[in-house]
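Reading the structure
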Amino acid sequence: MKIFNISLRKGMMLIASMLLILTGLTLGGCHDMPKYGSLEGLWEITSLTDSDGQEVPFKYRRYFAFQGNVVQLRYDDGLYFDCTGNFEYSDNVITMDFPYVSEMRDPTVINNWGIFTDPIILQVVERTDKHLVLRNDADGWIWVCRKF
């Protein structure tokens, strides 16, 4: 009993074509893996301690959003942002700079995140998939963050 009336050669061509189409669709759906692994994502600053050891209160929740080589300083529920900058991560050191902050907004807006120099270099004191502690060795400020 014949179900399909095709030759073996045409059947192999059909299978090869289907595999080629499936491979193309699969590869087309791929995207880059995170450059810095679990560091990338939205981090809520749960506490910010100044150089005198005093906790700095926030009016709104504050966040760092890291992706690729871009950092956003976000606030409230993580959807609104005040500033976008560049960041690099290497050997437990994060370097952030905000080259366009003065063109977009008042340059002191980054102070709301405890950032008083541009660029800023932060030492990663502790890092897990859910917890991040940063310290600015230049002025002693400490950020404690949780993955949001």
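A brief structural summary. (Residues numbered from 1 in each chain as written. Predicted model: local features only at pLDDT ≥ 70, side-chain atom pairs only at ≥ 80, totals over all residues. Heavy atoms only, no water.)

**Notes on the nonpolar core**
Ranked by size, the top nonpolar core spans 28 residues in total, and within it Phe64, Phe66, Ile94, Met96 and Trp143 carry the most contacts. Broken down by secondary-structure element, the contributors of at least two residues to this core are strand E1 (41-49), strand E2 (62-67), strand E3 (70-75), strand E4 (80-90), strand E5 (93-97), strand E6 (120-127), strand E7 (131-135) and strand E8 (142-147). In this structure, Met96 is in contact with Phe64, Phe66, Val71, Asn86, Phe87, Ile115, Asp118, Pro119, Ile120 and Leu122, ignoring residues within four places of it in sequence. (Core = buried A, V, L, I, M, F, W, Y, C linked by side-chain atoms within 4.5 Å. Buried < 20%, exposed > 50% of the residue type's maximum accessible area, 1.4 Å probe, protein only. Helix = DSSP H or I, 4+ residues; strand = E, 2+ residues; numbered from the N terminus. Contact = heavy atoms within 4.5 Å.)

**Considering unusual backbone geometry**
Following Asp118, the chain continues to Pro119 via a peptide bond in cis, the omega torsion being 10°. Its identity as a non-glycine residue notwithstanding, Asp91 has a phi of 50°, on the positive side. Relative to the elements of secondary structure, Asp91 occurs in the loop between E4 and E5. Judged by its relative accessible area of 71%, Asp91 is exposed. Of note, Asn92 is a non-glycine position whose phi angle comes to about 60°, a positive value. On the secondary structure map, Asn92 appears in the loop between E4 and E5. Judged by its relative accessible area of 38%, Asn92 falls in the partly exposed class.

**Re the pattern of salt bridges**
Inspection of every chain in the model, using the stated rule, returns 2 salt bridges. Measuring nitrogen to oxygen at the nearest pair gives 2.6 Å for the salt bridge that ties Arg146 to Glu44. Highlighted residues: Arg146 in strand E8 and Glu44 in strand E1, separated in sequence by 102 residues. Take Arg146: its relative accessible area is 37%, and that puts it in the partly exposed class. Take Glu44: its relative accessible area is 8%, and that puts it in the buried class. A salt bridge links Asp137 to Arg135; the nearest nitrogen and oxygen atoms lie 2.6 Å apart. Its relative accessible area of 51% is what places Asp137 among the exposed residues. (Salt bridge = Lys/Arg side-chain N within 4 Å of Asp/Glu carboxyl O.)

**Regarding the environment of Arg61**
Relative to the assigned elements, Arg61 resides in the loop between E1 and E2. Residue class for Arg61 comes out partly exposed when judged on its relative accessible area of 39%. For the pair Arg61 and Ile45, spaced 16 residues apart in sequence, the C-alpha separation works out to 7.3 Å.

Honestly, it's all geometry; don't read function into it.
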